[in-house]
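Secondary and tertiary structure notes
Each chain, written out:
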Amino acid sequence: MGGAQSRRDLDISDSEDDGDNEEEQQSEEETDQGFSTPSSGQTLKQQKTPVDEVDEKLRSLKLKYSTPQKNSNPPNSVKLYLFSTRDSKWSAADKLARFSFVRSAADSDRSPPSGGDGEWDLRVGSMVRVRVGPEMKLQMFPNQKRVDFVSDGGVWAMKFFSDADYRAFLSEYQRREFENTFGSDRTEENEVKVYGKDFIGWARPGSADESIWGDAEEEFERSRSPVTPSPFKATPAIEAQDLLEEFEEEASNGGGGGIQSLALGALENSFLVGESGIQVVKNFSHGIHGKGVTVKLHGADARGRSTAKKALLMRAETNMLLMSPLNAEGRGGPRSTGVHQLDLETGKVVTEWKFGKDGADITMTDITNDSKGAQLDPSESTFLGLDDNRLCRWDMRDRHGIVQDLMSPVLNWTQGHQFSRGTNFQCFASTGDGSIVVGSLDGKIRLYSKSSMRMAKTAFPGLGSPVTHVDVTFDGKWILGTTDTYLILISTVFKDKDGKEKTGFSGRMGSRIAAPRLLKLTPLDSHRAGIDNKFRKGQFSWVTENGKQERHLVATVGKFSAIWNFIQVKNSSHECYHNQEGLKSCYCYKVVLRDESIVDSRFMHDKFAVSDSPEAPLVVATPMKVSSFSISNRSRLQF
């Protein structure tokens, strides 16, 4: 039985008791006032103690006698707390710890971004020293003058004695993080160099155009059918019961030792790609269910496909392209010299295609369909390919005639560009009309129109972390980029000089750009997700029809599948965004927890959404199991 984790608030105290250590420790563990840890998405609020209420009344009387002042704490002082996973509670690690930002040691194996004296670390007392960067998973709680973060496999909290101290720390932290990431001081001049003058909102969100976020919410509400339940109301941030119900079954042994990837279909079947076979499952409105059929690859057909990582459905989902990386060399990850075309109706590989250009063999790191709905086209014969410095379209139709008689026919390079300089492409996706979004190792996200792959119409700057996966909505208005430590949601919409609405795929956006949103796990959840707690494969729910809006976003993080409500993320007044410093981050999500690291989590096509649910089921695959979840229907799925 799976579902979101119902987590109670975990409490520790902010006591100022000057008693002995044993009494103080007991007070801090048992008192539930002043400092609590949220479950996913909860906004923290300071609770008034009886002492606070009495103090307010005395102040309102404006008595003229003087009040004794407490001794001031030393500069850079905080209370340091550590979360115990064994007891599921916070405990005071140091009542009065000093923090400082220090350079990494000269003999450290970490080198600075561009030479210099080493990277910046945060040191707190004698117990914490951690590199300043996104891997800390730092979360801010302005109402509590507190930050949480991850260090050395544990979760820590720093509570400041004044609001001024809290804000001074954040300012210094952001400066040091910028320097660690980009190798230069955080000055206005350097911010312009890093982000570009049109994207200064990436560094200073307050100066960016935020109207697009409000416009997006209003547009969705106008287009939503009045009989359709609002997803904003249907998925509140906090619920005290399981949020999701599931159907689960073991993966077939015919999969050859475990599921490698999912190939979800919009028609009758979906497919679980294993090490030496492909398990066929049937699509239902309540999820997927095994048919007991496995297409086994053996003998000549299995050659070079035992490690297939990418499966692409084509030709009305009667064919599948399998791309098997032959090596893991290079910065872009595993590469392949070709693909195998599998006829799903006969279960045979009909053609083994090679990637070639100008008479020379080349490699690809990824392939995808020409557009969001292209796999449903029975006549489809082209697909897109990506390598470090290449973006192209391949055509399986041979200009010289029948290709099945050839041992390894070469695909036709019909369109594309081989860039002379290092673009370090990592991942890509296509919109409903065939426009292309590409993510890069340096964090940049480029937009290409469907008519040209030579020059990006828009290039969004990176935040310093490599983009490992990208997805885009069917209408091309929203992009979701995945990095190891967060997801980044970007709006591509702008208005040209004539007031006409466009996207960054069709024109230069200029300075009329909204700052992005970040989607993150809380430090506690990031720790609970397991050792392999990097974000992977963030994607929107699946629609292939103009006028329909994606409703959720999902990504895998170790043993977690994290699900965000799309409308909630876009809502500028959402409680997560109150009093945040820097780019706004959303921590409101649902969680599906598995016993092992998750291979992939994807929403089924929206045609499988039932009448009482605003969303199609979610499919979650681990190496040995596959589960189907209904977002809104709480009844156990029956077959």
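Fair warning: this is a prediction, and the values are worked out from it, not measured in the lab. (Residues numbered from 1 in each chain as written. Predicted model: local features only at pLDDT ≥ 70, side-chain atom pairs only at ≥ 80, totals over all residues. Heavy atoms only, no water.)

Looking only at helices and strands, the protein features 8 helices and 42 strands. Residues counted as buried form 53% of the 639 residues belonging to the protein. Within the protein, contacts between residues at least 6 apart in sequence are counted, and of these 58% link residues at least 24 apart. Counting only carbon and sulfur atoms, one obtains 47% of the accessible surface of the protein, whose full area is about 28700 Å². (Helix = DSSP H or I, 4+ residues; strand = E, 2+ residues; numbered from the N terminus. Buried < 20%, exposed > 50% of the residue type's maximum accessible area, 1.4 Å probe, protein only. Contact = heavy atoms within 4.5 Å. Areas by Shrake-Rupley, 256 points an atom, 1.4 Å probe, with all protein chains shown as cover.)

What follows is about the pattern of salt bridges. Applying the stated rule across the entire model yields 32 salt bridges. Arginine 176 is the partner of glutamate 172 in a salt bridge, and the nearest nitrogen-oxygen pair spans 2.7 Å. With glutamate 172 and arginine 176 both in helix α3 (residues 163-182) and 4 residues apart, the pair spans about one turn of that helix. Among the residues examined, glutamate 172 registers a relative accessible area of 21% and is labelled partly exposed. For lysine 548, the salt bridge is made with aspartate 606, and the minimal N-O distance between the two is 3.1 Å. Of the two residues, lysine 548 sits in the loop between β35 (535-540) and β36 (552-557) while aspartate 606 sits in the loop between β40 (600-603) and β41 (618-621), which places them 58 residues apart along the sequence. (Salt bridge = Lys/Arg side-chain N within 4 Å of Asp/Glu carboxyl O.)

What follows deals with the nonpolar core. One finds Trp202, Val437, Ile445, Phe460, Leu463 and Ile479 to be the most contacted residues of the largest nonpolar core, which totals 26 residues. Mapped by element, the contributors of at least two residues to this core are β25 (425-430), β27 (445-448), β29 (469-472) and β31 (487-491). In this structure isoleucine 445 touches Val437, Val438, Thr458, Ala459, Phe460, Val467, Ile479, Gly481 and Ile490, once residues within four positions along its chain are discounted. Leu519, Leu553, Phe566 and Tyr589 belong to the second-largest nonpolar core, a separate cluster that totals 24 residues. (Core = buried A, V, L, I, M, F, W, Y, C linked by side-chain atoms within 4.5 Å.)

The tally for this structure, following the rule as stated, stands at 19 aromatic pairs. Judged by centre distance (5.2 Å) and plane angle (40°), the ring pair of phenylalanine 355 and tryptophan 394 falls under tilted. Taken together, the residues span a long stretch of sequence, with phenylalanine 355 in the loop between β18 (348-354) and β19 (356-357) and tryptophan 394 in strand β23 (residues 390-395) at a distance of 39 residues. Note on accessibility: phenylalanine 355 and tryptophan 394 belong to one class, buried. A connected cluster of aromatic rings, assembled from ring pairs, spans Phe99, Phe101, Phe160, Tyr166, Phe169 and Tyr173. Against the face of phenylalanine 141 rests arginine 146, its NZ or CZ located 4.1 Å from the ring centre. (Phe/Tyr/Trp six-rings, centres within 6.5 Å; stacked < 30°, edge-to-face > 60°. Lys NZ or Arg CZ within 6 Å of the ring centre and 35° of its normal.)

Taking 1.5 Å as the rise per residue, α3 with 20 residues should run 28 Å; its terminal C-alpha atoms sit 29 Å apart, in good agreement. Positioned one or two residues after α3, glycine 183 has a phi angle of 75°, which is positive. (Expected span 1.5 Å × (residues − 1).)

So, on to the pairing of strand β6 (residues 128-131). Summarising the sheet, strand β5 (residues 120-124) and β6 pair through 4 bridges and their orientation is antiparallel. Bridge pairing links valine 124 to valine 128 in β6. Hairpin geometry of β5 and β6 is characterised by an intervening segment of 3 residues between the two adjacent antiparallel strands and by a positive phi of about 55° at glycine 125. (Pairing = 2+ DSSP bridges.)

Right, let's get into the sheet that holds strand β15 (residues 310-314). The strands making up a sheet associate through backbone hydrogen bonding, with each pair oriented either parallel or antiparallel. Taking strand neighbours across the sheet as the criterion, the 4 strands line up as β15-β16-β17-β18 in an open arrangement whose pairing is antiparallel. Of all strands in the sheet, those bounded by a partner on one side alone are β15 and β18. Taking the axes of each pair of neighbouring strands and ignoring which way they run, one obtains an average angle of 25° across the sheet. By the bridge criterion, 6 bridges tie strand β17 (residues 338-343) to β18 in an arrangement that is antiparallel. Looking at the pairing, glycine 338 lines up with lysine 354 of β18. (Axes fitted to C-alpha atoms, helices over the stretch in contact; angles between N-to-C directions.)

Turning our attention to helix α4 (residues 188-195). Side chains three or four residues apart in an α-helix point the same way, a direct result of the helix having 3.6 residues per turn. Among the residues making up α4, those that are buried are Asn190, Glu191 and Tyr195. Buried positions in α4, seen along its axis, are confined to an arc of 115° and lie on one side of it. Turned more than 90 degrees away from the buried face of α4 sit Glu189 and Lys193, all of them exposed. In this fold, the buried residues of α4 make contact with α3. Just beyond α4, the residue with positive phi is glycine 196, at close to 90°. (Arc of directions from axis to C-beta.)

Another point: the side chain of threonine 382. Tracing the chain through its elements places threonine 382 in strand β22 (residues 382-387). What makes threonine 382 buried here is its relative accessible area of 14%. A polar atom in the side chain of threonine 382 sits 2.3 Å from the side chain of aspartate 370. With residues up to four places along the chain from it excluded, the contact list for threonine 382 reads Met314, Asp370, Arg393, Trp394, Asp395 and Arg397. (Polar contact = N/O pair within 3.5 Å; in protein donor to acceptor, adjacent residues only side chain to side chain.)

Residue alternation in β40 divides its side chains into two sets, Asp600 and Arg602 and Ser601 and Phe603, and both sets are buried. Where β40 and β41 come together, 4 bridges link them in antiparallel fashion. Directly across from serine 601, in β41, lies its bridge partner valine 620.

Further remarks concern the confidence of the model for the protein. Across the protein, the average pLDDT comes to 78, with 72% of residues at 70 or higher. This model gives residues 219-243 a pLDDT under 50, and the stretch forms 47 contacts once residues within four places in sequence are excluded. Segment residues 633-639 is flagged for pLDDT under 50; beyond a separation of four residues in sequence, or across chains, it makes 20 contacts in the model. (pLDDT = per-residue confidence, 0-100.)

This part takes up the environment of phenylalanine 178. Among the structural elements, phenylalanine 178 can be located in helix α3. When its relative accessible area of 5% is taken as the criterion, phenylalanine 178 is described as buried. Between the alpha carbons of phenylalanine 178 and valine 132 there is a distance of 9.2 Å; along the sequence they are 46 residues apart.

Inspection of the secondary structure assignment puts glutamate 501 in strand β33 (residues 501-503). The residues touching glutamate 501, leaving out its near neighbours within four places in the chain, are Lys477, Val493, Phe494 and Lys495. In terms of polar contacts, glutamate 501 uses its side chain to reach the side chain of lysine 477, at 3.3 Å.

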